[in-house]
Each structure stands twice: as structure tokens, then as C-alpha cells.
Amino acid sequence: MTVVASQLFTGISIGAVLLLIALGLALTFGQMGVINMAHGEFIMAGAYTTFVLQSAITDAGVSLLVAIPVAFAVAGAMGVLLEFLLIRRLYARPLDTLLVTWGVSLLLQQLARDIFGAPNVQTRAPEVLTGNTRIAGDLTMANNRLFILGLVVLAVAALTVALRLTSFGRRIRAVVQNRDLAAVSGVPTARIDRLTFFIGSGLAGIAGVALTLLGPIGPTMGTNIIIDAFLVVVVGGIGHLRGSVIVAFVLGVLQSSVEYLTTLSVAKVAVFVAIVAFLQWRPQGAFTLRTRSLA
Amino acid sequence: MSTIRGRVAVLCAALAVALVLPGCGSKTGETTSTGVTIDVSGDTIKVGLLNSLSGTMAISEVTVRDAIVLAIEEINAAGGVLGKKIQPISEDGASDWPTFAEKAEKLIKENRVGAVFGCWTSASRKAVKPVFEENKSLLFYPVQYEGLEQSPYIFYTGATTNQQIVPGLDYLKAQGKKSVYLVGSDYVFPRTANKIIKAYAAANGMTVLGEDYAPLGSTEFGTIVNKVKAAKADAVFNTLNGDSNVAFFKEYKSAGLTAATMPVISVSIAEEEVKSIGTQYLAGQLTAWNYYQTTTGSANDKFVKAYKAKFGADKPTSDPMEAAYVSVYLWKAMVEKAKSFEVEKVKGASDGITFQAPEGLVTIDGATQHIHKTARIGKIGDDGLITEVWNSGGPVKPDPYLKAYPWASGLS
């Protein structure tokens with residue numbers, strides 16, 4: 001019983017991590033349709049921001065909390081810069097966007113290597129986040145994973161509110177659903193694109209901060225997770241935040257359950273097979289966006 | 001709709017290329033049945049340095065290259081080898097095994113080097129082994145490995161299993177640990193090591209409560225740590241490699257497991273790795289090696305001082321670096337004993353050569369081309385350095401096929 005409960009928690013927290021790294025992508029890839037291969041490097045930028053802040057602010061707890069908004073701004077600014085310099089010239093040319101952003105991703109990795117060195121760096125986690133919380137009997141939940149779960153819930157809630165209830169969110173949705181009609185209705189599409197890219201990239205920065213609690217911080221950390229992030233968005237259905245949320249948790253629980261019964265390698269294969277089978281059945285993903293756009 | 005599907009297709013294709021690309025580009029050169037002659041003209045002797053200077057292994061292999069360079073500079077300052085200065089030619093294996101084979105071929109055939117120092121992963125060693133054997137050229141391999149190999153053209157200066165894994169198990173047994181859980185990366189070294197551990201456990205009254213492998217580079221350890229915790233083993237034997245260690249130890253601490261309740265003994269975590277994982281997560285855990293920066297002795301004081309002076313005071317020295325440094329001196333001693341750079345003569349002179357290394361006295365065993373090394377169990381301290389808690393009392397004779405251990409008879 002304890003094992004089932006703690007495995008379920010592990011699955012949910014794997015899902016939370018997946019969702020956190022995919023959330024920004026759900027916006028830039030899912031909503032705008034930009035295949036940004038450098039998204040993983042924005043996550044890396046968030047992680048290194050945490051590292052840099054920690055050398056300035058010695059208290060691990062304070063520096064972690066400060067890192068969240070700062071990483072959002074740093075990664076967001078990098079995103080805007082990328083959008084402004086390169087991506088906006090390549091809208092509707094997905095293959096070129098992909099190659100260009102891949103190049104940018106390699107450049108950013110090398111930049112990180114030159115600035116911070118090839119070996120991984122470490123941050124100190126606040127002591128409370130390295131422990132766990134006893135739920136009942138032998139059942140414990142890791143505090144860092146609870147923290148990440150909370151962070152994801154907050155991020156999804158904030159994003160949903162922003163997209164549903166603000167005028168800026170309405171504009172984003174208008175541009176996504178029918179760019180031309182939005183433009184003739186007076187929506188400044190170029191500015192909206194840039195803002196969307198800022199938020200999407202900023203969310204990658206926050207994911208980077210969270211990942212410092214779980215794994216290594218190094219120049220290649222972004223490449224290791226970018227594929228998982230794309231999978232979540234593709235399976236969830238492009239243009240739908242809800243799809244990414246559900247798929248992230250389903251994949252997390254699926255992976256941890258299969259892994260418990262077999263091995264990690266088998267679980268990874270099982271997840272991939274499940275995804276391939278699912279996309280055969282529903283190539284458009286779990287949810288589809290119905291638009292009147294002809295594109 | 002069609003554009004979305006088109007985009008997904010493009011994305012999938014790109015990701016597939018990204019996944020497959022590092023494996024491409026293998027090339028096999030033409031082979032010769034006779035050895036290549038070494039270039040002994042001029043007043044220098046060339047040697048090859050074959051390490052990954054880029055890619056995922058660069059973190060570790062660059063430090064090994066640095067240690068080799070240090071040894072070469074010291075030897076040159078003292079007059080060189082047989083009156084010739086050593087001229088290092090460095091090649092980048094780029095963490096890609098076919099590239100290692102290509103570069104080895106280049107060093108042997110184009111540069112006609114006297115010997116090559118390098119390689120880290122067993123995969124890279126296995127990739128270059130046929131190249132050295134076909135061309136009858138020498139490789140010095142400085143990293144602990146899974147044993148069960150004895151190439152006539154490779155000298156192994158890192159530990160084989162009976163100088164690292166077996167002493168690690170002996171230590172656990174002496175500490176009264178009756179059960180272990182095995183966690184490792186999914187490739188040749190951990191799988192072979194665990195086979196040996198299971199055979200040892202069966203013969204020594206230890207129980208193996210579980211065995212789990214994570215793909216190299218994997219950083220999701222929630223489930224594995226849950227399994228380890230549920231198994232309630234006395235200790236964990238860790239053969240994970242690289243980044244996975246960071247995620248594993250973070251998860252381990254989060255699950256409330258500590259060095260006091262369930263110690264982890266690791267065979268791939270040296271001083272450099274401790275730095276990047278964080279002592280917050282590692283303090284008190286155990287490692288099995290043959291050398292630590294804190295190892296006492298004047299040879300080590302000199303080595304640590306020289307290394308820090310050249311590469312920076314914050315750079316720790318580690319076991320593979322030490323083994324690489326030693327390998328250059330051993331080659332020099334062999335050449336001087338043979339009074340020749342010729343491979344067969346150098347090999348023939350190897351047996352019994354000793355060197356006062358930073359780790360203590362080492363001796364080449366000519367029959368296996370491995371070296372006698374002292375085994376050391378260390379405990380990771382709050383300062384990130386590892387201090388010895390046990391040693392084998394003297395150099396252990398290398399036994400790559402574990403012939404002297406009856407329980408290992410079914411392994412090789």
C-alpha cells in the first residue's frame with residue numbers, strides 16, 4: 001500500500017517536472033507554432049541564474065526564491081532577443097526556424113561552457129528542501145518534489161488566468177486562432193508574438209530553477225530534456241494547454257508504474273511505444289484546436 | 001491542420017536526426033599486418049594523447065589529459081627519455097567511439113608516435129583496441145575498468161576489479177553489511193561489475209536485494225530510490241556514471257536515506273565529481289579507489305603541488321588523473337630499461353618495473369600488463385575531499401580474470 005502510494009506520488013512528481021519543462025514550450029510551440037530547439041538552453045539559463053545568484057546571496061532559501069523571478073526575466077529576455085533577431089524573420093518557415101534555433105542552442109551551450117566551465121556546477125538547496133514530509137507511517141514525500149508540484153500548479157494557474165481573463169490573453173488567443181483576422185481587427189500581432197515568446201521562454205527559466213533541486217546543472221542539461229518537453233506538447237495536442245497538463249501527468253504515472261514493475265530502460269521504451277501508438281490513433285494529439293483558419 | 005501536422009513531422013525528423021547523428025561517421029581504415037615503425041628521427045619522440053576534449057566525457061577526460069601533460073613536462077625538464085624530449089600530440093576523441101578509433105589510427109600511422117596515452121570509457125577502449133593490435137602499437141589506459149581483458153598492446157594503469165570492487169565488498173563485509181542493493185548505469189562496466197558482485201555475494205553470505213540500471217545520462221531517479229528504500233538493504237553499491245550520480249544522490253537524500261542508515265559505496269565518484277554533485281548530498285558516503293588527493297607520502301605532495309601550480313589551486317587531483325600521470329613515467333622507465341622505443345622491446349622490458357607513484361609503490365605485472373596497486377576505501381568529507389578509512393595494506397596483485405578467486409570461476 002505504502003509502495004503504491006509513494007509510486008503514485010513519484011509518478012505525479014515526474015509529471016510535474018515534465019509539465020514544468022513543457023509549459024513554456026506549450027506556449028511558444030503549442031500556441032505560436034515556433035519550433036524552438038534552444039528552449040532547453042533557456043532552461044539551462046534559468047539553472048545557471050540560480051547558481052550565479054547563490055554566489056551573491058548566500059542564504060540558499062532566499063536566493064532560490066529570488067531566482068524564480070530573475071530567471072523568468074533572464075530567460076524571457078533571451079527569448080525576446082532570439083525572436084527579434086531571428087525567429088520573426090522565419091515565421092511560416094518551420095524547417096529554417098528549426099535549423100537556426102538548433103544552431104543557437106549549440107552556441108548557447110558553448111557560451112555556458114566558456115563562462116562557467118565544462119564541468120557541472122552545484123547549488124546548495126535550502127536544508128528544508130533536501131528532506132521529506134511524513135504523510136503516514138512509512139510514506140514520505142520529498143520536499144523538493146512537493147515544492148516543484150506547488151510551483152507547477154501556480155504556473156499553470158497563472159498562465160490560465162492570463163490567457164482566459166486578461167485582454168493580453170485574449171489577443172494571444174485571437175492571433176493563434178486566426179492571425180490574419182486578428183491583424184485586420186487591429187491586434188498588433190508582432191508585439192503579441194514577442195510578448196508570448198517572452199512568457200514562454202521565461203517559464204523555461206523557472207523550470208531551470210526547479211531543476212537545480214533535482215539534477216545536474218551543466219551546459220548540456222537542456223538537450224537532455226528538450227525531447228521530453230516536445231513529446232508532451234505534441235501528444236497533448238498543439239494549441240492546447242489542457243492537453244499538455246493531462247499528458248504530462250499521464251506519462252509521469254505511466255513511466256513510474258512500468259519502471260517499478262520492470263526497469264527504467266523498459267519504462268522509457270514503454271512510454272515511447274505508448275506515444276507512437278497514441279499518435280497513430282490520434283495524430284493531432286489528445287486535444288485539437290478547432291479554428292476557422294484555412295492554414 | 002495540415003501545417004500543424006507538417007510541423008510535427010519536421011520536428012520528429014529533426015529529433016530523430018539529433019538522436020542518431022552522434023552514432024554516425026564511423027570509418028574503418030585499411031589495416032596492415034605488420035606494425036608501423038615509430039618515428040625516431042630528430043631529437044624528439046612523439047607520443048599521442050587521446051582524450052575527449054569535447055562532448056559529454058570532456059568533464060573527466062580533460063583532467064586526465066592535463067595530468068599527462070604535467071608528467072611529460074616534468075620528464076622533459078629532467079632531460080627527456082633516452083636523450084629525446086617528448087613531444088605530445090593531442091587528439092580529441094569527442095566522446096564518440098568511432099572517432100577514437102580514427103584518431104588512434106591517425107596518431108599511429110601519420111604521426112608514428114611511440115605510445116598513446118588516454119581513453120576513459122570502456123566503450124572507447126574497446127573501439128581502439130583492434131587498431132592498436134593491428135598496428136602493434138602501445139596504448140596506456142588510465143581508468144579503473146571491469147576487468148576480463150588483456151590486450152597484448154594495452155597497459156592498464158587503473159584498477160582492475162580485484163583492486164577496487166572486490167576490496168570494496170570486503171570492506172562492506174567487514175563492516176557487517178549483510179545485504180546490498182545494486183544501482184548502475186546501463187552499459188558494459190556496471191553490468192560486468194554487478195555480475196562479479198553477485199558472484200561474490202553468493203559465496204560470502206551476502207544477499208543482493210535488487211539490481212537496477214539507468215540509461216547513461218538519465219536524471220530521473222524517483223522510482224529507483226523508492227525501490228532501494230523499500231528493499232531496506234544494509235548498503236548500496238553504486239556503479240552509476242556521470243550526470244546520473246547528481247540526480248541519484250539528490251533523490252537519495254530527499255527520500256531520507258543517509259550514510260548512517262544505508263551507506264552508498266561508489267566506484268565512479270572521485271574528487272572532481274564530488275565537486276559537481278555537492279557535498280551537501282555526499283558527505284559521509286563511501287568510495288572505492290586506489291588514490292585520493294589526501295593520500296599521504298612525499299610523491300603525492302609533490303604531484304598535488306605541481307598540478308595545482310599549473311592548473312589552479314581549486315582543481316582537485318583524482319584517481320584516474322594519478323593513474324594517467326603514472327603511466328607516462330612507467331612508459332619512460334620501460335623505454336629506458338629496453339634502451340629502445342621499439343614496441344616489442346618496450347613490452348618485453350615491462351615486467352617488474354617499479355615506480356614511486358603518488359598512490360605509493362606501483363609495479364608492472366608483465367604477464368597481465370596491469371599494475372600492482374593499493375586498494376583504498378575513502379569517506380567523503382564536508383570539504384569535498386575524500387579521506388581514507390581503510391586500505392589493503394600494500395599493493396594488490398592484478399588479476400583481471402579473477403583466477404585466484406574460486407567464486408569467480410563461472411564469470412570469464
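Residues numbered from 1 in each chain as written. Chains lettered and ligands numbered in written order. Predicted model: local features only at pLDDT ≥ 70, side-chain atom pairs only at ≥ 80, totals over all residues. Heavy atoms only, no water.

Structural notes on the domain arrangement of chain B
Residue and element names in this part refer to chain B. Heads up, the rule is: The split into domains, and so the bounds of each, comes from an automatic or database assignment of domains. Every residue pair with non-hydrogen atoms within 4.5 Å of one another is taken to be in contact. Buried area: the accessible area, evaluated with a 1.4 Å probe, that two parts lose upon being put together, summed over both parts. By definition here, a salt bridge exists when the distance from a side-chain nitrogen of Lys or Arg to a carboxyl oxygen of Asp or Glu is within 4 Å. Whenever a nitrogen or oxygen atom comes within 3.5 Å of another N or O atom, the pair is scored as a polar contact, on the condition that within protein one atom can donate a hydrogen and the other can accept it, and that pairs from neighbouring residues in sequence are kept only if both atoms are in side chains. Charged means Asp, Glu, Lys or Arg here, nonpolar means Ala, Val, Leu, Ile, Met, Phe, Trp, Tyr, Cys or Pro, and polar covers whatever is left, Gly included.
Taken as a whole, chain B is organised into domain 1 (38-159 + 296-372) and domain 2 (162-294 + 376-408). In this structure, domain 1 and domain 2 have C-alpha centres spaced 27 Å apart. Contact with domain 1, which involves 32 residues of that partner, is made by 25 residues of domain 2. Counting the surface lost from both domain 1 and domain 2, the interface buries some 2700 Å², and carbon and sulfur atoms represent 59% of this. At the junction of domain 1 and domain 2, the tally comes to 1 salt bridge. When the shortest N-O distance is used, the salt bridge between D365 and K397 registers 3.7 Å. Between domain 1 and domain 2 we count 12 residue pairs in polar contact (both at pLDDT 80 or more) in total. Within the side of domain 1 that touches domain 2, the residues separate by chemical class into 10 nonpolar, 14 polar and 8 charged.

As for the sheet that holds strand β14 (residues 376-380) of chain B
All names here are of chain B. Condition: If DSSP finds at least two bridges between two strands, the strands pair. A run of H or I in DSSP counts as a helix once it spans at least four residues, and a run of E counts as a strand once it spans at least two, with each numbered from the N terminus. To obtain an axis, a line is fitted to C-alpha atoms, over the contacting stretch when the element is a helix, and the angle between two such axes runs from 0 to 180 degrees between their N-to-C directions.
Spatially, β7-β6-β8-β9-β10-β14-β15 is the arrangement adopted by the 7 strands of the open sheet, whose pairing is mixed. In the strand order of this sheet, the two ends are held by β7 (207-214) and β15 (386-391), each with one partner. With strand direction ignored, the average angle separating the axes of adjacent strands in the sheet is 25°. Relative to β7, strand β6 (residues 179-185) runs parallel, the two sharing 7 bridges.

Some details on a nonpolar patch on the surface
Residue and element names in this part refer to chain A. Threshold: Residues enter patches when their relative accessible area tops 30% and they take part in no salt bridge; the joining distance is 9 Å for like charges and 5 Å for the nonpolar side chains Val, Leu, Ile, Met, Phe, Trp and Tyr. Method for areas: the Shrake-Rupley scheme with a 1.4 Å probe, in which residue coverage is limited to the protein chains shown. Only protein chains enter the calculation, and the probe is 1.4 Å; a residue is then buried if its accessible area is under 20% of its type maximum, exposed if over 50%, and partly exposed in between.
On the surface, a cluster of nonpolar side chains totalling about 350 Å² of accessible area is made up of L81, F84, L85 and L86. Among the secondary structure elements, F84 is positioned in helix α3 (residues 60-85). Among the residues examined, F84 registers a relative accessible area of 37% and is labelled partly exposed.

What about the environment of I265 of chain B?
Residues and elements named next belong to chain B. Inspection of the secondary structure puts I265 in strand β9 (residues 264-266). A C-alpha to C-alpha distance of 4.5 Å links I265 and L286, two positions 21 residues apart in sequence. Sequence-distant contacts of I265, defined by excluding residues within four places in its chain, comprise G168, L172, V236, F237, N238, L286, T287, A288 and I377.

Here's the deal with the pattern of salt bridges
Where charged atoms from two side chains of opposite charge come close, those side chains can pair. Residues and elements named next belong to chain B. Throughout the structure, instances matching the rule amount to 25 salt bridges over all chains. Of the charged contacts, one joins K46 and D39 as a salt bridge, the two residues approaching to 3.1 Å between their closest N and O atoms. You can call D39 buried: its relative accessible area is 13%. Two residues, E74 and K302, come together in a salt bridge whose shortest N-O distance is 4.0 Å. With a gap of 228 residues between them, E74 in helix α2 (residues 58-77) and K302 in helix α11 (residues 298-311) connect regions that are remote in the sequence. The exposure class of E74 is buried, given its relative accessible area of 17%. Salt bridges sharing common partners tie together R125, K126, E146 and E149.

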